Amino acid sequence: MTDVDVAIVGGGPAGSAAAYAAADRGADAVVYEKGVPRADRERLGPDSTDAAGFLDYWLEIADIDFADIPEDVVEQELVDAEFIGPDEEVVVDRTGIDADYDHFGFTFHRAKFDDWLRDRADAAGADYVAGTAVKDVDSDLSNGHEHTLHLGDGETVTAEYLVLADGPQRQVTMRVLDDFLPAEKAVSNLLNPRSANHIAYQEYRRFPDELFDADSMKFWWGWMPGETAYPWVFPNRNNVARVGLTMPIGLDVDDYDASEWRLLREDDDRIPAGTEYIRRLLEELYGDEYDVETDFPLVDGHGKSKSTETYAISSTRPIESPTDAGIAVVGGAMGTTSAFHEGGDHVAHRTGKLAGGLAAEGRLENYNDAWHDAIGDEIKRNVAMADVVGDYGPADWDKTIRVTRQMLEASDNGKIISKSNARSAAGGLKLYSQYRRAKFRYRKGKYAQLRESDYTV
Ligand SMILES: Cc1cc2nc3c(=O)[nH]c(=O)nc-3n(C[C@H](O)[C@H](O)[C@H](O)COP(=O)(O)OP(=O)(O)OC[C@H]3O[C@@H](n4cnc5c(N)ncnc54)[C@H](O)[C@@H]3O)c2cc1C
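Given the structure is predicted, the values throughout are model-derived calculations rather than measurements.

1. A few points about the side chain of E320
Structurally, the position occupied by E320 is in the loop between β18 (308-314) and β19 (327-329). Classification of E320 as buried rests on a relative accessible area of 6%. At a separation of 2.9 Å, a polar atom in the side chain of E320 contacts the side chain of R451. Filtering out sequence-adjacent residues up to four positions away, E320 remains in contact with N368, W371, H372, A448, L450, R451, E452 and Y455.

2. Here we look at helix α11 (residues 367-389)
Helix length check: α11 (23 residues) gives 31 Å between terminal C-alpha atoms against 33 Å at 1.5 Å per residue, within 8%. Its axis deflected by about 65° at I375, α11 carries its strongest bend there. Along α11, 17 of the 23 residues are buried, which leaves the element largely enclosed by surrounding structure.

3. What to know about the site of the ligand
If you check the shell around the ligand, you find 40 residues, and the closest are E33, D47, D50, Y311 and G332. Between the ligand and D50 there is a distance of 2.8 Å, counted from a nitrogen atom to a side-chain nitrogen or oxygen. When the ligand sits alone it has 1000 Å² of accessible area, and the protein chains cover 95% of it. Where the shell around the ligand is concerned, the elements lending two or more residues are α1 (13-24), β2 (29-33), β16 (230-235), β18, α9 (331-334) and α10 (345-360). The element contributing the most residues to the shell around the ligand is β18, with 3 residues.

4. Quick look at unusual backbone geometry
Glycine aside, a negative phi is what most residues show, and trans is what most peptide bonds show. The backbone of S48 sits at a positive phi, close to 65°, despite the residue not being glycine. Topologically, S48 is positioned in the loop between β4 (41-45) and β5 (53-55).

5. Considering the sheet that holds strand β15 (residues 216-220)
Within the open sheet, the 7 strands sit side by side as β8-β7-β15-β16-β17-β14-β18. Their pairing is mixed. In this open sheet, the two strands that pair with only one neighbour each are β8 (89-92) and β18. Within the sheet, the average angular offset between the axes of one strand and its neighbour, ignoring direction, is 20°.

6. Some thoughts on the pairing of strand β11 (residues 134-140)
Bridge analysis of β11 against strand β12 (residues 146-151) gives 6 bridges, and the strand direction is antiparallel. When the sheet's bridge partners are listed, V137 is paired in β12 with L149. What sits between β11 and β12 in their antiparallel hairpin is a turn of 5 residues, with G144 showing a positive phi close to 75°.

7. So, the sheet that holds β5
Spatial ordering of the open sheet is given by β5-β9-β6, a layout of 3 strands whose pairing is antiparallel. What marks the edges here is a single partner per strand, and that holds for β5 and β6 (74-78). Direction aside, the axes of adjacent strands within the sheet are offset by 20° on average. Where β6 meets strand β9 (residues 105-108), 4 bridges bridge the pair, whose relative direction is antiparallel. Across the sheet, L78 pairs through a bridge with G105, a residue of β9.

Scoring rules and cut-offs
- Per-chain numbering applies: the sequence of each chain, read as written, is numbered from 1 onward.
- Local features in a predicted model are, by the rule used here, given only for residues with pLDDT of at least 70; side-chain atom pairs are given and counted only at 80 or more, and totals for whole chains, interfaces and linings are based on all residues.
- To get the side-chain values, take all heavy atoms of the structure and skip hydrogens and water.
- Helix and strand definitions follow DSSP, with helices as H or I runs of at least four residues and strands as E runs of at least two, each counted in order from the N terminus.
- To sort residues, take the accessible area from a 1.4 Å probe on protein chains only and compare it with the maximum for the residue type: under 20% means buried, over 50% means exposed, and anything in between is partly exposed.
- N or O atoms within 3.5 Å of each other form a polar contact, as long as, within protein, one can give a hydrogen and the other can take it, and as long as residues adjacent in sequence are counted only when both atoms are side-chain atoms.
- Any two residues whose heavy atoms approach within 4.5 Å are treated as being in contact.
- An expected span of 1.5 Å times one less than the residue number is assigned to each helix.
- One fitted axis covers the seven residues ending at a residue, a second covers the seven starting there, and the bend at that residue is the angle between these axes.
- Here, proximity means that at least one heavy atom of the residue falls within 4 Å of the molecule or strand.
- Accessible surface area values rest on a Shrake-Rupley calculation with a 1.4 Å probe, where residue burial reflects the displayed protein chains alone.
- We call two strands paired when DSSP finds no fewer than two bridges between them.
- Whenever a helix is involved, its axis is fitted only over the stretch in contact; in every case the axis is a line through C-alpha atoms, and angles between N-to-C directions fall within 0 to 180 degrees.

Following this line, the structure appears as structure tokens:
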């Protein structure tokens, strides 16, 4: 007899969704969230660092009804996204994927979003414990499965099912899963946070009226070096925007020709820190007419502290879970976040919901099939696109942005990437077939880095 039916490590979107689904189906569920202080939240809660943008069709993937999201969670409903290369630009006003939500997407307040998910789990009867870290887990598979969680406060708790939702740092996930894997397949190698993640940094700045664009998310591709490295601006309320960036960890500036990258300088002796990159971006865009520090001030009460925040983003391919051991890995911990655009709340929420619900029903063995069905197409699109653009330099980004613009102009079928659209852009068919080939390589779930059969359970 265990203390609880389902224990969940980590209380972000994946963990809260798991707790909600488990409790909603009548299971005893507890979430342990180590608790991260934030300037924009009074109580201790999950990390919640996020640019917090959602595309229209992500609601279906997340299995969230927009009408259920409290009004104060949503910051701006979006019309489009702008992709800006060194010399080319494209405005994308559709995702090309069927969706019920009738805007392009929306931005949201991530701490409030997480609080909503947490309160929903709580209302369903789950126990959300904030401020208690899970230090380690012992799994006993001698008679079914029983997991003993060792908590930061010295207590232990036993659970029949374990959901690992500790996000991209994966400290508990790596320790638990490596016990069931041969050394060459260790998760601590495959999904090592230093190689499988990007680092992300963002600032909350108030924009002058005439420059604040509430309708659009903006991304600058080909401005800074590194695979899928880019800065962004996401609009919030009251002229406040999140100005952020993501880049691989451990880049060496000597590997790049500074004259090619708009945000590098010839005398850089290392890759600039996030704060310096953001300053350079704003200077490049507005420095001729504005004083960046005074005209785009950091705003109090946002982000983790001092209106800034840093956190890792999982930027890899997902793994399956050892469900025979009564364990499911979900969200950022399992590597679902897109390596292409770093969006991951939708897949985190959905995988958490599936895992919690199936554990509560005693059917966790269906979890791997269920998540492939629910999010497989999204993962395949994103890992394929990440492969195509992996080695891109500034000129490649310009070319792709130009091709995309021409494809969109020619599109009469609502889609972005289709063969007929590709035919109407110079270089379109080449890009289209690279993408199709990459997708083909990942057919039948081959985007998963680790299969259930790899575990020695
Ligand atoms: C700067 C940035 C911008 C992003 N932009 C977007 C975006 O626009 N759209 C989008 O969809 N996604 C975005 N993402 C990705 C998105 O934030 C993640 O995909 C999502 O947070 C994953 O949810 P999760 O619940 O799996 O993990 P997390 O949200 O990381 O939650 C994991 C939780 O586990 C807790 N934890 C860790 N270890 C322990 C432990 N040992 N014991 C107890 N608790 C523990 C952590 O404190 C954390 O709260 C962004 C990420 C970053 C960093």
